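# Reading the structure
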Amino acid sequence: MSVEKLIEVRNIDKYFGPVKVLNNVCLEIYKGEVRGLVGENGSGKSTLSSIIAGILQADGGKMFLKGNIYNPKSMIDAQTHGIGMVVQELGTVSNITVAENIFLGKVNNFKRFGIVDRKKLYKSAKEILERVGITDIDPAIPINFLNFEDRKLIEFAKVVDENLELLILDETTTALSQKGREIVYDLVQKLKSQNKSVLLISHDLDEIMKVCDTLTVLRDGNVITELPKQEFEENKIKQYMIGREIKGHYYRPDAEGSHEEEVVLKIKNLTTFRGVKNLSFEVHKGEILGIGGLSHCGMHELGRALFGAEKVLTGRVIHCKTGQEIKSPFAAMKLNIGYVSKDRDKESLVLADSIKNNIVAAGYDKVTTGKYFIFPKTENKYVDEQIESLRIKCTSRNQYVQYLSGGNKQKVALGKWLARDPDILIVDCPTRGVDVGVKASIYQILYQMKKEGKTIIMISEELPELIGMCDRIIILKDGRKTGEFKRSPDLSEANLIMCMI
Ligand SMILES: Nc1ncnc2c1ncn2[C@@H]1O[C@H](COP(=O)(O)OP(=O)(O)OP(=O)(O)O)[C@@H](O)[C@H]1O
């Protein structure tokens with residue numbers, strides 16, 4: 001890290017309507033520095049980084065880039081100044097190719113005699129992909145063919161060009177599996193060695209402590225402290241973030257697995273259109289079953305198939321109590337099965353609607369009195385219980401979900417199903433983007449559900465979460481089961497990884 005200052009953010013204020021979300025924020029990033037930015041959900045991290053990346057404009061304060069006033073009017077303007085950001089949710093455009101996404105707005109540069117030279121376009125895109133370490137994605141395919149993780153990686157390729165001086169990563173790694181994360185960490189190291197800078201937003205404190213040189217903690221829009229690497233200490237950082245100590249167990253406290261005898265779901269020779277290949281297993285009442293693996297292992301498709309939302313080629317998912325086959329989300333919901341998708345903005349939430357309507361959407365039968373009546377009081381209580389227990393940071397239950405921070409959106413996606421109290425809950429990356437305090441509460445809620453005899457199927461890319469919470473873990477590779485582990489104090493990440501690669 002050099003002593004040359006790249007960017008200085010001085011006394012930045014930001015309001016959304018009457019609400020002040022950044023208050024007099026100051027931040028400096030030096031050349032070759034990897035700076036972490038942490039804070040609770042809704043503390044202002046994305047807002048601050050969006051201002052630096054030209055996506056939002058500040059209401060007060062100044063920014064300087066290499067000593068000169070810096071006031072980007074748009075993301076493209078920021079990029080021409082060497083500042084690129086990978087946003088929290090999907091930043092790619094559907095229905096066009098990977099290459100067209102990479103060269104969005106610049107495809108005309110590949111025109112010869114009025115026609116786009118596709119060969120040249122794909123070749124250039126391939127070079128860019130390789131530059132960031134992505135070798136297995138064909139630039140000519142429509143981006144819709146890729147899963148969430150690969151689409152996220154394409155965004156890296158888009159922002160990392162020779163011009164880049166500061167790369168901002170907003171909660172990107174939690175959307176990635178281990179392989180994707182390694183690509184990102186390698187890239188961060190490469191940029192650092194070239195004296196370029198990185199601003200890394202993450203709720204994964206292990207990652208922050210490993211990757212960053214310095215750290216800024218935000219709370220309620222205020223900078224609480226700045227720490228150099230030698231002062232990084234997990235508990236201290238958590239305390240700065242949430243202003244109190246996290247007491248009790250983070251994961252569940254018991255060391256041995258347990259569940260009832262009763263089998264609630266039977267999966268028989270399941271093969272889906274994408275991902276899953278000839279998979280058979282059973283899930284029990286009162287069990288937390290973990291499903292893990294690398295990004296393309298089929299675990300996300302499996303989650304969708306268990307909820308009847310994925311095209312099944314052969315095999316069956318059977319609800320044992322009724323003997324019914326689960327063939328659609330409607331059938332699954334009638335059997336009191338819930339599902340939280342990894343792709344929360346597209347599959348779990350209606351962004352242009354209120355928190356209240358999103359949470360009630362899965363539970364109309366729970367708030368209806370008699371056959372037809374919904375009393376506002378009952379409905380509001382149903383929603384407010386989730387807002388309180390998950391500490392959803394919002395102006396009111398009527399606030400539109402699109403105006404919530406990423407982590408708070410995730411809480412709404414989860415609250416929608418927790419409120420319904422399902423007998424079987426399938427959660428795909430349940431704590432993605434959620435801060436450490438709420439993460440602990442979510443784990444407690446899931447453990448409590450298990451103790452009440454509910455079944456939870458937890459699909460996760462976070463191995464500590466699987467080890468910490470599950471009674472049993474199934475590992476998939478190329479859509480097939482390659483390992484199965486019972487809960488044990490001796491179980492390590494290395495045991496699981498052996499079956500993943
Ligand atoms: N467009 C918007 N309109 C109104 N309020 C907004 C808007 N965008 C963000 N907010 C609010 O600003 C506050 C800060 O949000 P921000 O996304 O910066 O938080 P964050 O620290 O990045 O959170 P997370 O860890 O959950 O991603 C939140 O209370 C959020 O609801």
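Residues numbered from 1 in each chain as written. Predicted model: local features only at pLDDT ≥ 70, side-chain atom pairs only at ≥ 80, totals over all residues.

Per an unreviewed UniProt entry, the protein chain goes by the name ABC transporter related protein and belongs to Caldicellulosiruptor hydrothermalis.

### Describing the overall build of the protein chain
Helices and strands together make up the secondary structure of the protein chain, namely 18 helices and 24 strands. Whereas a compact globule of 501 residues would reach a radius of gyration of roughly 23 Å, the protein chain reaches 23 Å, a difference of no more than 12%. With the principal axes as the frame, the protein chain shows a C-alpha extent of 70 × 50 × 50 Å. Counting all 501 residues of the protein chain, 43% fall into the buried class. Look at the contacts in the protein chain between residues 6 or more apart in sequence, and 69% of them connect residues 24 or more apart. (Helix = DSSP H or I, 4+ residues; strand = E, 2+ residues; numbered from the N terminus. Rg over C-alpha atoms; globule rule 2.2 N^0.38 Å. Buried ≥ 20, exposed ≤ 12 C-beta atoms within 10 Å, placed from the backbone. Contact = placed C-beta atoms within 7 Å.)

### Focus on the sheet that holds strand E16 (residues 312-319)
What links the strands of a sheet is backbone hydrogen bonding, and the strands pair in either a parallel or an antiparallel sense. The sheet built from four strands is open, its strands ordered E14-E13-E16-E17 with antiparallel pairing. Two strands close off the open sheet at either side, each with one partner strand: strand E14 (279-284) and strand E17 (324-325). (Pairing = 2+ DSSP bridges.)

### Side note on the domain arrangement of the protein chain
Here the domain parsing of the protein chain yields domain 1 (5-242), domain 2 (246-336 + 423-500) and domain 3 (352-421). In terms of residue class, the side of domain 1 that touches domain 3 is made up of one nonpolar, four polar and two charged. (Domains from an automatic or database assignment. Nonpolar A, V, L, I, M, F, W, Y, C, P; charged D, E, K, R; others polar.)

### Focus on the site of the ligand
Neighbouring the ligand are 19 residues; Phe16, Asn41, Ser46, Ser405 and Gly407 lie closest to it. Of all the elements in the fold, those that place two or more residues in the shell around the ligand are helix H1 (45-52) and helix H15 (406-418). Taken together, the residues that form the shell around the ligand break down as four nonpolar, 12 polar and three charged. For the shell around the ligand, the domains that each give at least three residues are domain 1 (5-242) and domain 3 (352-421). (Near = placed C-beta within 6 Å.)

### Comments concerning the nonpolar core
In this structure, Ile291, Leu306, Val412, Ile426, Ile457 and Met458 are the most contacted members of the largest nonpolar core, which totals 62 residues. With five residues, the single largest contributor to this core is H15. Both of domain 2 (246-336 + 423-500) and domain 3 (352-421) provide at least three residues apiece to this core. In this structure, Leu306 is in contact with Leu265, Val317, Ile426 and Ile457, ignoring residues within four places of it in sequence. Ranked by size, the runner-up nonpolar core spans 54 residues in total, among them Leu6, Leu22, Leu37 and Leu153. (Core = buried A, V, L, I, M, F, W, Y, C linked by C-beta atoms within 7 Å.)

### Digging into unusual backbone geometry
Within the chain, Asn336 stands out as a residue other than glycine whose phi angle is a positive 60°. Among the secondary structure elements, Asn336 is positioned in the loop between helix H10 (329-334) and strand E18 (337-340). Despite not being glycine, Cys429 has its phi angle at roughly 50°, a positive value. Position of Cys429 relative to the elements: it lies in the loop between strand E21 (424-428) and helix H16 (436-451).

### Examining the pairing of strand E3 (residues 34-39)
Here E3 lies mainly inside the structure; six of its six residues are buried. Because side chains alternate across E3, one face comprises the buried residues Val34, Gly36 and Val38, and the other comprises Arg35, Leu37 and Gly39, equally buried. In the sheet, E3 pairs with strand E10 (residues 197-201) via four bridges, with the strands oriented parallel. By the bridge assignment, Leu37 is partnered in E10 with Ile201.

### Details of the sheet that holds strand E1 (residues 5-16)
If you trace the four strands from one edge of the open sheet to the other, you get E2-E1-E4-E5, paired in antiparallel fashion. Lying at the two open borders of the sheet, with one neighbouring strand each, are strand E2 (19-30) and strand E5 (68-69). Note: E1 against strand E4 (residues 60-65), five bridges, orientation antiparallel. Paired with Val9 across the strands is Met63, a residue of E4.

### What to know about helix H9 (residues 299-306)
Among the eight residues in H9, eight count as buried, and that is most of the element. Considered for burial, the residues of H9 that qualify are Met299, His300, Glu301, Leu302, Gly303, Arg304, Ala305 and Leu306.

### Re H15
Between the first and last C-alpha of H15 there are 19 Å, a value that for 13 residues agrees with the 18 Å anticipated at 1.5 Å per step. For H15, a buried count of 13 out of 13 residues is recorded, marking the element as mostly surrounded by other parts of the structure. (Expected span 1.5 Å × (residues − 1).)

### Observations concerning the UniProt feature "domain: ABC transporter" (unreviewed entry) in the protein chain
Feature annotation in UniProt assigns "domain: ABC transporter" (unreviewed entry) to the following positions: residues 7-245 and 258-501. The annotated region residues 258-501 carries 36% helix and 26% strand content, and the separation between its end C-alpha atoms amounts to 28 Å. (UniProt positions renumbered as here; feature names shortened; annotations may be inferred.)

### A few points about the environment of Val86
By the secondary structure assignment, Val86 is in strand E6 (residues 83-86). Taking the C-alpha atoms as reference, Val86 lies 6.5 Å from Phe156; in sequence the two are 70 residues apart. Ignoring any residue separated from it by four or fewer positions in sequence, one finds Val86 in contact with Gly91, Glu155, Phe156, Val159, Leu169, Asp170 and Thr172.

### Looking at the pairing of E2
As paired strands, E1 and E2 are joined by eight bridges and run antiparallel to one another. Within the sheet, the bridge partner assigned to Glu8 lies in E2 and is Glu28. Where E1 hands over to E2, the hairpin turn is made up of two residues, of which Gly17 adopts a positive phi near 60°.

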